[in-house]
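# Structural features, examined
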Amino acid sequence: MKFAVMTLKLVQSVLVCGILVAACSGCASQHKDLVQTSYVSLEPTLAASLAHPPEVYETDGELVVEGRLDSGEVAKGGHIDVWVKGPDGTTVYEAAVNFRKPPAQTQTGGPRGGYRGPRTNPHATYSVRFPGLPPQGSVVHVKIDPQPHAKTGDK
């Protein structure tokens, strides 16, 4: 009888610990939206220049800027410029990142000659992670640059 009670308590303890670990790890992987909380803001004209405004959030103490682009925005290639200016106007972070295009649609060999493409998000995507958060009140800028990255020393 004592063995059954001890086993039951052990199982309950393991279950409670497992639930706590799962809950804590779930909280740790969530990100904090820095625009929604007014920690940073997006460049005011950004909404007009991009079809989809980027997500700006903090995860693991780092600043992450990511977004998606419509096919018309990436038709000619290029890259994404992302920079963050502090409240005093100094550039805190800057990066030039390539966007990832979705796979092209391919024609199937079926009788109707239909197209089979990606079943996921058809948008091109970009993402950049900066070490640490900028000062509160900073402004995030994102711009599509149709030119390829400049090679080192091309400036």
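Refer to the preceding data block for the structure.
No experiment lies behind these values; they were computed from the predicted model shown.

As a further point, take the overall build of the protein chain. Summing up its helical and strand segments, the protein chain has 3 helices and 10 strands in all. Ordered by position from the N terminus, the helices and strands of the protein chain form the series α-β-β-α-β-β-α-β-β-β-β-β-β. Taking contacts inside the protein chain between residues at least 6 apart in sequence as the whole, the part at least 24 apart equals 67%. Total accessible area on the protein chain stands at roughly 10700 Å², and carbon and sulfur atoms take up 58% of it.

Quick look at the pattern of salt bridges now. Using the criterion set out here, one finds 1 salt bridge in the structure. Glu62 serves as the salt-bridge partner of Arg129, at 2.9 Å between the closest nitrogen and oxygen. With Arg129 in strand β9 (residues 124-130) and Glu62 in strand β4 (residues 62-69), this residue pair connects regions lying 67 residues apart in the sequence. We classify Arg129 as partly exposed; its relative accessible area is 47%. Using a relative accessible area of 25% as the deciding quantity, one classes Glu62 as partly exposed.

Leu63, Val65, Leu69, Ile80, Tyr126, Phe130 and Val142 are the most contacted members of the largest nonpolar core, which totals 21 residues. Of all the elements in the fold, those that place two or more residues in this core are β4, β5 (79-85), β6 (91-97), β9 and β10 (138-145). Residue contacts for Leu69: discarding those within four places in its chain leaves Leu50, Val74, Ile80, Phe99, His123, Ala124, Tyr126 and Ile144.

Before going further, it helps to spend a moment on the sheet that holds β9. Taken in spatial order, the 4 strands make up an open sheet running β1-β3-β4-β9, and their pairing is antiparallel. Taken across any chain shown, the strands that pair with only one partner, and hence form the sheet edges, are β1 (32-33) and β9. When β1 meets strand β3 (residues 55-59), the two strands line up antiparallel, connected through 2 bridges. Residue Asp33 lies in a different strand from β3, and its bridge partner there is Tyr57.

The next subject is the environment of Tyr39. Assignment of secondary structure puts Tyr39 in the loop between β1 and β2 (40-42). Residues in contact with Tyr39, not counting those within four places in the same chain, are Leu34, Leu133, Pro134, Pro135, Gln136, Gly137 and Ser138.

Strands sit in the order β2-β10-β5-β6 across an open sheet of 4 strands; the sheet is mixed. Both edges of this open sheet fall to β2 and β6, since each of them pairs with a single strand only. Averaged over all pairs of adjacent strands, the angle between their axes in this sheet comes to 20°, without regard to strand direction. With 6 bridges connecting them, β5 and β6 associate as antiparallel partners. For Lys85, the partnering residue across the bridge sits in β6 and is Thr91.

Parameters and conventions
- Residues numbered from 1 in each chain as written.
- Predicted model: local features only at pLDDT ≥ 70, side-chain atom pairs only at ≥ 80, totals over all residues.
- Heavy atoms only, no water.
- Helix = DSSP H or I, 4+ residues; strand = E, 2+ residues; numbered from the N terminus.
- Contact = heavy atoms within 4.5 Å.
- Areas by Shrake-Rupley, 256 points an atom, 1.4 Å probe, with all protein chains shown as cover.
- Salt bridge = Lys/Arg side-chain N within 4 Å of Asp/Glu carboxyl O.
- Buried < 20%, exposed > 50% of the residue type's maximum accessible area, 1.4 Å probe, protein only.
- Core = buried A, V, L, I, M, F, W, Y, C linked by side-chain atoms within 4.5 Å.
- Pairing = 2+ DSSP bridges.
- Axes fitted to C-alpha atoms, helices over the stretch in contact; angles between N-to-C directions.

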